[in-house]
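Residue-level structure breakdown
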Amino acid sequence: MLIIDCPFCGPRAESEFAYGGEGGIARPLATETLTDEQWGDYVFMRSNPKGLHHEQWRHASGCGKWFNALRDTLTYRFHGTWKIGAEPPEAFTRRVQPAAPVGETVVEGLAR
Amino acid sequence: MPADTLMPIAIADLAPAPLRVRWSRQQAIVNFRGDPADAALLQALSGVVGLPWPTRAADCPNDGPADAHHRVVWAGPDDWFVIAPAGCQSAMAKSLREAAGSRHHAVTDVSSGYVVLGLSGPAAAEVLAQGCPLDLHQRSFAVGASAGTHFFKASVWLWRVQDDVFELLVRSSFAGYVQEMLERCTLECGIESD
Amino acid sequence: MSASTSRRLPQGGRIDRSRHLQFQFNGRAYTGYEGDTLASALLAAGQTLVARSWKYHRPRGLLAAGVEEPNALVQLFEGERTVPNVRMTEASLVEGLVARSIHASPSIDFDLGTMNGWFSRLIPAGFYYKTFMASQAAWHFFERRIRAVSGLGHSPTVPDPDRYDKRFAHADLLVVGAGLAGLSAALAAGRTGARVILCDEQSEAGGWLLSSDETVDGLPAPQWADHAVEALRAMPEVRVLTRTTAFGYQDNDLVTLVEKRADHLPVGHQPAYRERLWRVRARQVVLATGAHERPLVFARNDLPGVMLASAVSTYIRRYAVLPGCNAVVFTNQDAGYDAALALKAAGAQVIVVDARPAPSGSLGARANAAGIEVLASQVVTEAQGSRRVSAAVVQTLGADGRLAGIARTLPCDLLAVSGGVSAVIHLHSQAGSKAVWNEELATFLPGPPAQSERSAGACAGARTLREAAHAGWTAGLAAVAAARPGASQVGSSASASEQNQPPEVAPADPGDIRPLWLVPHPQGPSRAPKQFVDFQNDVSASDLLLAVREGFENIEHVKRYTAMGFGTDQGKTGNINGMGILAQVLGKAIPQVGTTTFRPNYTPVTFGALAGLELGDAFEPMRTTQIHAWHVAQGARFEDVGQWKRPWYYPRPGEDLHAAVNREVLAVRHGVGTLDASTLGKIDVQGPDAATLLNWVYCNDWSKLEVGKARYGLMLDENGMVFDDGVTVRLGEHQFLMHTTTAGAARVLAWLERWLQTEWPHLKVYLTTVTDHWATTALAGPKSRAVLEKLCADVDFSDSSFPFMSAREGTVAGVRARIFRISFSGERCYEINVPSADGLRVWEAIHRAGTEFGITPYGTETMHVLRGEKGFIIVGQDTDGSVTPVDLGMGAMVAKTKDCLGKRSLTRSDTARSDRKQLVGLLTDDPDFVLPEGAQVLAGEWAQGTDPVPMAGHVTSSYWSPTLGRSIAMALIKGGLSRMGERVHVAMKDGHSRTAVMASPVFYDPKAERQNAS
């Protein structure tokens, strides 16, 4: 069982948390203008990296807040957690960026 | 002489007194949602309950034993439970609304949605440790500390009132489950209901 | 066993000679003492043959005295409390204990499986696989015969009556192993006031100290251990757990321990929990897990009477049992001399056969001084004897590793062997750390730690007690410093009487070791009698050589080919010898052959301990409404819906499900019924942007809903698939009450919070769960208004004033209530919501008021039939995560004027296909036949021999409709919405099919007039 550092409550047991998939995927605006391919990229395509992975977690049995996490999919190790909208930890910028999905260049998301 | 064959640790380790369990079903419980960065709001809220208004997980201000007094439970950065004497939920909700004024907020009476569970006795922390992953040692979870966590598979809010007195906020529909788990957990120390 | 063969020494040992314990082994009665293990008691009784081996059913004796014992597995206790595969070296003797050998049929003295041994040349490694799996038919033939003679022990066949519990525990420091290193670490840390947990798998703390004749702090080693434990138990922040095995080192320094609390105590004196599983989260971990002595690999080294030298010392000094009177000690290191000294001191004859040119350390010197005969540069090439060792064949081993000179035979009844020690690095390896081969000690030692663990003592290469004491002490202090940086004194200060320096042990020279992986035999390894490497799995040196000949070079492959290191033993005594032999044959260094990665569990853990208290009714939380007790009193049968217990139906005497449901349905259609709808998820949505949020999360439009009105909504995921539904009521300009499905409440709240928190933090909306706060009585049927009017005077119930899909506040039976006029049955219905503390009172008042109308409580089954007749969907039954509103025929609900989650997906090329599975009603041609739910709908006609048969969809809901007097069903069928009136074939599991016609799923009251009927 992992220890996860809730940005609001501090380090807690994994059993208090719920995983919420890849983080940082902004919902596109003006969805009606998107091609099927662009919309499909947003809905279905995830990076699935070997290594550092930007994730969303929720402190479900706790403060109920969603937050960002950077976790290594190889070692399970968390390299940091941060509130939605806050500055990510330094390791975040070092992670290997997944190849940009097809739609990403034209899809503007709301700021996180 | 092997010490434990004559005086088995298992037996010697038994808690000296049963766990005392008290379910308080009548308390007024009001949920308040609002902006934690609004200092004036927090001050006004604090005035309503006559206690400091907590802004982090660790604190659970209370003014004494249950029933007649108040608690404010930090449930999230913008989320609190005010626990007050039975019957005063409407008045409490009204006062909290007035304190918030025209600010964006939400006040919800959830008195029937939760039950306050009191656990006391020297076995209390060990019993909780059977289903709760928090470190409940005094050095980590002192009197006044509070946390949202789980007891077995029930999400609860937990705070420490005294060294060996804890209170939990349990969703009403989980009360039977929590009682069942308490009974299963106390086969050695025993359990007494108030 | 007669007294004359007793091998119990007249004095000494840590047994209580005043307490005799009776026990049974393989049906024979024995007596032992308190403090014995089953192994020591049997050995004392002269029972040398204690087991049969797994594959060849060879006679086996005790090899070890502890957890590393590979042979002596027993089925412990009988009946419901039986435990398979217990090492008798770990089973504390207890009055009335009953144990049986596994692998022996019918008995260990006469074992039919021995014939496997006679044919052993025919069944080498890989034999089973190659022979029996050669063809399916061959395997079917052999399988039953193999199963009959293999396997490890028996599972109990009846439920376990015992309770097992689990605890979370937290500490600054967890010390695993309470030998000298572990005790020193715990003492060093404990005296700083740090929170320490010390655990040890044995019945008492002390480890090797209990078998040692050295002194610590001037005290005999066992006595020092007792004092140390006493001192630790006196420290309030230190917890000492014996009989507690650390079996897993998990992520983030979570170490899982299992404490055996009951089996060593007589019935009647056992604690309530038989075993306890500790989940210890420590800031730092000291691994002081010790080392296991390795046997030497020579011909017939598995004969009973061949025993590890360390075990010989332990049986003599700790249990006062002399395993043999005429002993040969065969060693390649100084440690073996300890057994020779113990034997000599106990009065046995002893000769040491040392593979080295001369003993080189302190123990060897002591043996010399004691006048023990040493045959240097010699080895035992073969043990002789039939059911126990009677002689050792000894020959000179040259410096070149070849045999020289003439073999001689030494008669003996005990052959103690010492082939070096293997550090117990299992937990270190489980933590993710990589072990490093140490040439000098010929063992793998811990490498750099991957987590917050540090190894100390024998498991880290310490070879003397003095080294272990210092290493443990240092590790304890370092761990505290790391656990609490900056805090020199964590809590209470140490008292003057407490130890403030490492335990004092006299210096000793451990000497050297001559690595000896396979003792040569004159006949060569493939023709020599079996030279066992892994005793538990009957893997011999020739099996390893065969594996190499067949091309296996990596240890992981060889392991799987030969089964070396499998089973409950996990290669504790055999793995390194096996790797050494492999390396020797391949001409590689041992690290090149590989190192086995250890995974949890170190030793087997019972399912009881893993399950803990969360069993049976408490496996999942059982959520109940505040009206639950009433349902129980009425004899309701219950159904699980998510975590909730909901009344399923209320049978009257003599009624089955169908009779009860038919009655309940007709009562609602013609009179009035009540459903406890408290379980529906309820979320209070408050704030100026509440309607905006609803517009985002529901596919229909909410902006124009008037205050006091209700609307049904469909919630889609981003793929456009329906994932929840329910009625939402506008309570105020900025306040809505959202209903979710019973099972979907938590998921919906998490979903809404996720969007609010991550994507739309600018929306001013707060969500509060109020599911448990409100008790909801759905009062349904044409007479519902009449009942309610008797209880509520402050609401105008006329249809013009309080129409369908609206909400009012009023006082029902004296309680302030929210009344929603919404209906899932199609009948006139009022959902009465009161705070759940008043729920039962109001429910009962409604029933009293309804008595004159024949008010009938109904359960979820009736609710399903009622809604089925109306064609209302149930999310999760008629949908499965792949169904859009369009597929449900509800496409018109999707608002054109706004975006919402999932909307864009509805026009994706795939989602917009016209041949998707769509929801239709099905009317069977035989109106009396109720289709099974889940039945497949065929794409065409049933044609014999069409394989595979193309499918067009499946039945999602199917009922007998008492209202219509016929069966009804709903189904998802490809292109169904445009195929109304077509006949389809529905496959039955008996191979036949039934015909049905596709129709509107609204089978009853298509004009929706019933909702105003009274």
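Definitions and cut-offs
Residues numbered from 1 in each chain as written. Chains lettered and ligands numbered in written order. Predicted model: local features only at pLDDT ≥ 70, side-chain atom pairs only at ≥ 80, totals over all residues. Heavy atoms only, no water. Helix = DSSP H or I, 4+ residues; strand = E, 2+ residues; numbered from the N terminus. Contact = heavy atoms within 4.5 Å. Areas by Shrake-Rupley, 256 points an atom, 1.4 Å probe, with all protein chains shown as cover. Lys, Arg positive; Asp, Glu negative; His and termini not counted. Charge placed at Lys NZ, Arg CZ, Asp CG, Glu CD. Buried area = accessible area lost by both parts, 1.4 Å probe. Salt bridge = Lys/Arg side-chain N within 4 Å of Asp/Glu carboxyl O. Polar contact = N/O pair within 3.5 Å; in protein donor to acceptor, adjacent residues only side chain to side chain. 1 Å grid on protein atoms, 1.4 Å probe; cavity = no way out; pocket = protein on both sides within 12 Å on 5 of 7 lines; lining within 4 Å. Points joined across faces, edges and corners; volume = space filled by probe spheres on them. Nonpolar A, V, L, I, M, F, W, Y, C, P; charged D, E, K, R; others polar. Domains from an automatic or database assignment. Pairing = 2+ DSSP bridges. Axes fitted to C-alpha atoms, helices over the stretch in contact; angles between N-to-C directions. Buried < 20%, exposed > 50% of the residue type's maximum accessible area, 1.4 Å probe, protein only.

**Looking at the overall build of chain C**
Per the secondary structure count, chain C includes 23 helices and 49 strands. Principal axes of the C-alpha set define a box for chain C whose edges measure 115 × 80 × 55 Å. A fraction of 67% describes how many contacts in chain C between residues 6 or more apart in sequence connect residues 24 or more apart. Here chain C has roughly 37700 Å² of accessible surface; of this, 53% comes from carbon and sulfur atoms. Positive and negative side-chain charges of chain C, numbering 101 and 103 respectively, have mean locations separated by a distance of 2 Å.

**Details of the interface of chain B and chain C**
Residue-level contacts link 49 residues of chain B with 66 residues of chain C. Taken together, both faces of the contact between chain B and chain C bury some 4800 Å²; the carbon and sulfur share is 50%. If you sort the residues of chain B by the area they bury against chain C, His104(B), Arg139(B) and Arg184(B) come out on top, with a joint share of 15%. At the surface where chain B touches chain C, the tally comes to eight salt bridges.

**As for the interface of chain C and chain A**
Contacts between the two partners involve 27 residues from chain C, matched on the other side by 25 residues from chain A. Both faces considered, chain C and chain A share a buried interface measuring about 2300 Å² in area, 48% of it formed by carbon and sulfur atoms. Per-residue buried area on chain C facing chain A is highest for Gln757(C), Glu759(C) and Arg904(C); these three make up 29% of the total on that side. The interface formed by chain C and chain A holds three salt bridges in total. Along the contact surface separating chain C from chain A lie 16 residue pairs in polar contact (both at pLDDT 80 or more).

**Structural notes on empty space enclosed by the protein**
A probe as big as a water molecule, rolled over the atoms, marks out the empty space that is left. Residue and element names in this part refer to chain C. Across all of its chains, the model carries seven cavities of 30 Å³ or more by this definition. The space that makes up the largest cavity amounts to roughly 150 Å³. Lining the largest cavity are 17 residues, with Ser422, Ala423, Asn575, Ile576 and Phe598 positioned closest to its centre. Elements represented by at least two residues in the lining of the largest cavity include exactly strand 25 (421-423) and helix 14 (575-586). The greatest single-element share of the lining of the largest cavity, amounting to three residues, is contributed by helix 14. For the lining of the largest cavity, the residue count by class is seven nonpolar, nine polar and one charged.

**Thoughts on the domain arrangement of chain B**
How big an interface is tends to be stated in terms of the accessible area lost upon association of its parts. Residues and elements named next belong to chain B. Each assigned domain of chain B is listed with its residue range as follows: domain 1 (1-25 + 114-194) and domain 2 (28-110). Contacts between the two partners involve 13 residues from domain 1 and, on the opposite side, 15 residues from domain 2. Buried surface at the junction of domain 1 and domain 2, both sides included, amounts to about 1200 Å², of which 60% is carbon and sulfur. Summed over the three residues of domain 1 that lose the most area to domain 2, namely Tyr114, Ser146 and Trp157, the buried surface amounts to 41% of that side. Applying the counting rule to domain 1 against domain 2 returns one salt bridge.

**Focus: the domain arrangement of chain C**
On domain assignment, one finds that chain C holds domain 1 (3-118), domain 2 (163-291 + 423-483), domain 3 (516-600), domain 4 (652-678 + 778-855), domain 5 (681-769) and domain 6 (867-898 + 912-1011). Centre-to-centre separation of domain 3 of chain C and domain 4 of chain C, based on C-alpha positions: 76 Å.

**Re unusual backbone geometry**
The amide bond that connects Pro600(C) to the next residue, Asn601(C), takes the cis arrangement and shows omega of 10 degrees. Mapping Asn601(C) onto the fold places it in the loop between helix 15 (590-593) and helix 16 (607-611).

**Quick word on the sheet that holds strand 23 (residues 403-411) of chain C**
Residues and elements named next belong to chain C. Strand order across the open sheet formed by three strands is 21-22-23, with antiparallel pairing between neighbours. Two strands bound the open sheet, and with one partner strand each, they are strand 21 (378-384) and strand 23. Neighbour-to-neighbour, the strand axes of this sheet turn through a mean angle of 25 degrees, independent of strand direction. As paired elements, strand 21 and strand 22 (residues 391-397) share six bridges and run antiparallel to each other. In the strand pairing of strand 22, Val379 is matched with Gln395.

**Some points on helix 12 (residues 541-549) of chain C**
Residues and elements named next belong to chain C. The buried fraction of helix 12 amounts to seven of the nine residues, a majority that puts the element mostly inside the structure. Turning to helix 12, its buried residues number three or more, namely Ala541, Asp543, Leu544, Leu545, Leu546, Ala547 and Val548. Backbone geometry just downstream of helix 12 places Gly551 in the positive-phi region, at approximately 100 degrees.

**Details of the pairing of strand 1 (residues 19-24) of chain B**
All names here are of chain B. Relative to strand 10 (residues 191-193), strand 1 runs parallel, the two being bridged by three bridges. Residue pairing across strands places Val21 opposite Ser193, the latter belonging to strand 10. Bridging between strand 1 and strand 6 (residues 114-120) involves five bridges; their strand directions are antiparallel. Looking at strand 6, one finds that Arg22 is bridged to Gly118.

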